[in-house]
Amino acid sequence: MWRLKVAEGGGPYEPYLYSTNNFVGRQIWEFDPNYGTPEEQAQVEAARQLFALNRARVKPSADLLLQFQLLKENNFQQTIPTVKIGEDEDVTYEAITTAVNRALRFCSSMQAKDGHWPAENAGPLFFLPPLVMCLYITGHLDEIFSPEHKKEILRYIYNHQNEDGGWGFHIEGHSIMFCTVLSYICMRILELVIFIDADDASATHGGFRTD
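Trainee: What's the story with the nonpolar core in this structure? I'm lost.
Mentor: Soluble globular proteins tend to pack their nonpolar side chains together in the buried interior. Ranked by size, the top nonpolar core spans 20 residues in total, and within it Val-132, Leu-141, Ile-153 and Leu-190 carry the most contacts. In this structure, Leu-141 is in contact with Val-132, Leu-135, Tyr-136, Lys-150, Ile-189, Leu-190 and Val-193, ignoring residues within four places of it in sequence. Grouped together as the second largest cluster of nonpolar side chains are 6 residues, Leu-4, Val-6, Leu-66 and Met-110 included.

Trainee: Would you mind going over helix H2 (residues 64-73) with me for this structure?
Mentor: Residues three or four positions apart in an α-helix share a direction because the helix packs 3.6 residues into each turn. Turning to H2, its buried residues number three or more, namely Leu-66, Gln-69 and Leu-70. Seen from one end, H2 has its buried residues packed into an arc of 95°, which puts them on one side. In the core, the buried residues of H2 are packed alongside strand E1 (2-6), strand E2 (27-31) and helix H3 (93-109).

Trainee: What exactly am I supposed to notice about the layout of surface pockets here?
Mentor: Empty space among the atoms becomes visible once a probe the size of a water molecule is rolled across them. Looking at the largest pocket, its volume works out to about 1,400 Å³. Contributions of two or more residues to the lining of the largest pocket are made by E1, E2, helix H1 (38-53), H2, helix H4 (128-138) and helix H6 (147-159). When residues in the lining of the largest pocket are grouped by element, the largest group, 7 residues, is from H6. Looking at the lining of the largest pocket residue by residue, the classes come out as 22 nonpolar, 8 polar and 6 charged.

Trainee: For this particular structure, what's the right way to read unusual backbone geometry?
Mentor: Of all residues except glycine, most have a negative phi; of all peptide bonds, most are trans. The residue Asp-63 is not glycine, and still its phi comes out positive at about 55°. Checked against the element boundaries, Asp-63 lands in the loop between H1 and H2. Classification of Asp-63 by relative accessible area gives partly exposed; the value is 21%. Despite not being glycine, Asn-75 has its phi angle at roughly 50°, a positive value.

Trainee: Which parts of the structure should I look at to understand the packing of aromatic side chains?
Mentor: We describe a pair of aromatic rings using the distance from one ring centre to the other and the angle between the two ring planes. Within the structure shown, the criterion is met by 4 aromatic pairs. When the centroid spacing of 4.6 Å and the interplanar angle of 65° are considered together, the rings of Phe-126 and Phe-127 count as edge-to-face. By relative accessible area, Phe-127 is classed as exposed at 56%. Taken together, a centroid distance of 4.4 Å and an interplanar angle of 20° make the contact between Phe-126 and Phe-169 stacked. Taken as a pair, Phe-126 in the loop between H3 and H4 and Phe-169 in the loop between H6 and helix H7 (177-197) lie far apart in primary sequence, 43 residues in all. Under the relative-accessibility criterion, Phe-126 is labelled partly exposed at 23%. An aromatic cluster of three or more residues is present, and its members are Phe-126, Phe-127 and Phe-169.

Trainee: Whenever I open this one, H1 confuses me. Can you help?
Mentor: With 16 residues, H1 extends 22 Å between its outermost C-alpha atoms, agreeing within 8% with the 22 Å of an ideal straight helix rising 1.5 Å per residue. For H1, every residue scored as buried is listed here: Glu-40, Val-44, Ala-47, Arg-48, Phe-51 and Ala-52. End-on view of H1: buried residues confined to an arc of 135°, all on one side of the axis. Exposed residues lying more than 90 degrees from the buried face of H1 are Pro-38, Glu-39, Leu-50 and Leu-53.

Trainee: Please explain the side chain of Asn-162 as it appears in this structure.
Mentor: Tracing the sequence through the fold places Asn-162 in the loop between H6 and H7. For Asn-162, the side chain forms a polar contact with the main-chain oxygen of Gly-173, separated by 3.1 Å. Those residues within four positions of Asn-162 in sequence are excluded, and the remaining contacts are Lys-59, Trp-167, Gly-168, Gly-173, His-174 and Ser-175.

Trainee: Would you take a moment to explain the pattern of salt bridges for this structure?
Mentor: Any two side chains of opposite charge can pair, so long as their charged atoms come close to each other. Inspection of every chain in the model, using the stated rule, returns 13 salt bridges. For Lys-151, the salt bridge is made with Glu-148, and the minimal N-O distance between the two is 3.4 Å. Remark: Glu-148 and Lys-151 occur in helix H6; sequence separation between them is 3 residues, near one turn of the helix. Residue Glu-152 pairs with Arg-155 through a salt bridge whose shortest N-O separation is 2.9 Å. Note that Glu-152 and Arg-155 are positioned in helix H6 at a spacing of 3 residues, about one turn of the helix. Shared partners join several salt bridges into a network, and the residues in it are Arg-3, Lys-5, Glu-8, Glu-30, Asp-32 and Lys-113.

Scoring rules and cut-offs
- Residues numbered from 1 in each chain as written.
- Predicted model: local features only at pLDDT ≥ 70, side-chain atom pairs only at ≥ 80, totals over all residues.
- Heavy atoms only, no water.
- Core = buried A, V, L, I, M, F, W, Y, C linked by side-chain atoms within 4.5 Å.
- Buried < 20%, exposed > 50% of the residue type's maximum accessible area, 1.4 Å probe, protein only.
- Contact = heavy atoms within 4.5 Å.
- Helix = DSSP H or I, 4+ residues; strand = E, 2+ residues; numbered from the N terminus.
- Arc of directions from axis to C-beta.
- 1 Å grid on protein atoms, 1.4 Å probe; cavity = no way out; pocket = protein on both sides within 12 Å on 5 of 7 lines; lining within 4 Å.
- Points joined across faces, edges and corners; volume = space filled by probe spheres on them.
- Nonpolar A, V, L, I, M, F, W, Y, C, P; charged D, E, K, R; others polar.
- Phe/Tyr/Trp six-rings, centres within 6.5 Å; stacked < 30°, edge-to-face > 60°.
- Expected span 1.5 Å × (residues − 1).
- Polar contact = N/O pair within 3.5 Å; in protein donor to acceptor, adjacent residues only side chain to side chain.
- Salt bridge = Lys/Arg side-chain N within 4 Å of Asp/Glu carboxyl O.

This is the structure:
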């Protein structure tokens, strides 16, 4: 399962990386096959399947994997009740106060240990494919991206494919030739690499078959 590492860096694996603030605000997703209980892993898989089924209607991921992890790490329990106001009811000061406090309690649980609020930087669909292409051409693709990274890249591109089969300039955009070609070539490269490297080449990742 993927795990978010916050405010970490340097060391023997990153000898050229330097920070003046102990890497505050840095976010790294690391795959750990032993991370999470079976129930938590099932929760993550259910969220993936739900997003894939609704990808044409809801484009952003809502940072669900991030939320699952931070809620667990911060021992979050929502003790403030939900406020529901009928169509003909007046909005009271007490209702507003309760709703704001409930939101503040949830937002505080989304704060990472270094003090910042992590978030997904997603939207443009023209950043990642050229990187994959360049690494493939230079022969460094396997050094930079692990097999799990490659599977997630495929999953991400597939989940943001428009209903007409193309890809837009960003996840909410209509299909254009530029990003459709970029995404297609990127998927073909990763499809080939995973087919060669994987123990089970017929595995399915997020609805995209690698065979």
